[in-house]
Amino acid sequence: MKKIIARGAEAILQRENDKLIKIRIKKDYRHEEIDNKLRKYRTRREGRILSKLSNIINVPKVHKIDEEKGILIMDFIEGNRLSDHLEKYNKELQKFIASEIGKTIATIHNANIIHGDLTTSNMIYKDGKVYFIDFGLAFHSNRIEDKAVDIYLFIQAIKSKHFSIFEDFSKKVLKEYFEHVEQAEKIKKQLKKVEERGRYKKQKGS
């Protein structure tokens, strides 16, 4: 029996036993032909990225890509969503999870893939492993800027959602990330520029 577990702006998520079915929603405000092409492309792109990453990090395994209907069928990862549970864990487990996240983001970037929506809402802890989910905004890129922005936005998401543990947690994430990512010094330099832009925007908006 299929059960709707989430309904977002871009897709409906259904669960059927141990499978997750992601159905991309038609957009009436877009021209039908353009909308169909976009949904096909995004479904194909997400499915291929997940299939590629399944060999190197913990992600849901893809079972079917139906471009025509805009449907992806993959494993349902039943665990603790970090957005809800991270601060409930003890410091040792938080440290381990931060380390795993840093290494995993580095691995994704080394594959020249940008997640595009790195938040703890898209990470699940299960059986001693951290799974990354929802690659709907992911894309291929070898640009240093894109990698710096990806990690910057994640650190900002941690600050916003998990402020009580932000300092130690973000330091550990960044330490592991820069120890494992290729072109670390270039990304570190670009990250500083991205941070400066972020501060400038906040000052301008205040």
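As a reminder, the structure under discussion sits directly above these lines.
Residues numbered from 1 in each chain as written. Predicted model: local features only at pLDDT ≥ 70, side-chain atom pairs only at ≥ 80, totals over all residues. Heavy atoms only, no water.

**Q** Looking at this structure, I do not really get the packing of helix α3 (residues 91–110) against helix α5 (residues 166–180). What am I missing?
**A** Angle between the axes and distance between the axes are the two parameters that describe a pair of packed helices. Orientation of α3 relative to α5, taken along the N-to-C sense of each, is 35°, at an axis distance of 7 Å. At the point where α3 passes α5, the crossing takes the right-handed sense. For the pair α3 and α5, contact is made by Q94, K95, I97, A98, S99, I101, G102, K103, I105, A106, H109 and N110 and by F169, K172, V173, E176, Y177 and H180, respectively. Considered class by class, the residues forming the contact of α3 with α5 number 8 nonpolar, 6 polar and 4 charged. (Axes fitted to C-alpha atoms, helices over the stretch in contact; angles between N-to-C directions. Helix = DSSP H or I, 4+ residues; strand = E, 2+ residues; numbered from the N terminus. Left-handed = near helix turned anticlockwise from the far one by under 90°. Contact = heavy atoms within 4.5 Å. Nonpolar A, V, L, I, M, F, W, Y, C, P; charged D, E, K, R; others polar.)

**Q** Please explain the packing of aromatic side chains as it appears in this structure.
**A** Two measures describe an aromatic ring pair: the distance that separates the ring centres and the angle between the ring planes. Summed over all chains, the structure comprises 2 aromatic pairs. For the ring pair Y177 and F178, a centre distance of 5.0 Å and an interplane angle of 75° mean the geometry is edge-to-face. Overall, F178 belongs to the buried group, its relative accessible area being 16%. For K188, the ring lying beneath its charged end belongs to F178, and the centroid distance is 5.1 Å. (Phe/Tyr/Trp six-rings, centres within 6.5 Å; stacked < 30°, edge-to-face > 60°. Buried < 20%, exposed > 50% of the residue type's maximum accessible area, 1.4 Å probe, protein only. Lys NZ or Arg CZ within 6 Å of the ring centre and 35° of its normal.)

**Q** Sorry, what's going on with the environment of E46 here?
**A** Inspection of the secondary structure assignment puts E46 in helix α1 (residues 32–53). For E46, a relative accessible area of 2% corresponds to the buried category. Distance from E46 to L72, taken between C-alpha atoms, is 8.5 Å for residues 26 residues apart in sequence. Among residues more than four places away in sequence, those in contact with E46 are K22, R24, L72, D134, F135 and G136. A distance of 2.9 Å separates the side chain of E46 from the side chain of R24, its partner in a polar contact. (Polar contact = N/O pair within 3.5 Å; in protein donor to acceptor, adjacent residues only side chain to side chain.)

**Q** Any chance you could explain α5 here in plain terms?
**A** Residues three or four positions apart in an α-helix share a direction because the helix packs 3.6 residues into each turn. The end-to-end C-alpha separation of α5 is 21 Å, in line with the 21 Å expected for 15 residues at 1.5 Å each. Listed as buried for α5 are F166, F169, S170, K172, V173, E176, Y177 and F178. (Expected span 1.5 Å × (residues − 1).)

**Q** What am I meant to see in the sheet that holds strand β5 (residues 71–75) here?
**A** Note on sheets: strands pair through backbone hydrogen bonds, and any given pair is parallel or antiparallel. Read from one edge of the open sheet, 5 strands run β1-β2-β3-β5-β4, paired in antiparallel fashion. Each edge of the open sheet carries a strand with a single partner, namely β1 (3–7) and β4 (62–66). On average, each strand axis in the sheet is inclined to that of its neighbour by 20°, with strand direction left out of account. Where β1 meets strand β2 (residues 11–16), 4 bridges bridge the pair, whose relative direction is antiparallel. Counterpart to R7 in the pairing with β2 is I12. With respect to the sheet, α1 is in contact with β3 (19–24), β4 and β5, its orientation differing from that of β4 by roughly 160°. (Pairing = 2+ DSSP bridges.)

By themselves these figures say nothing about function.
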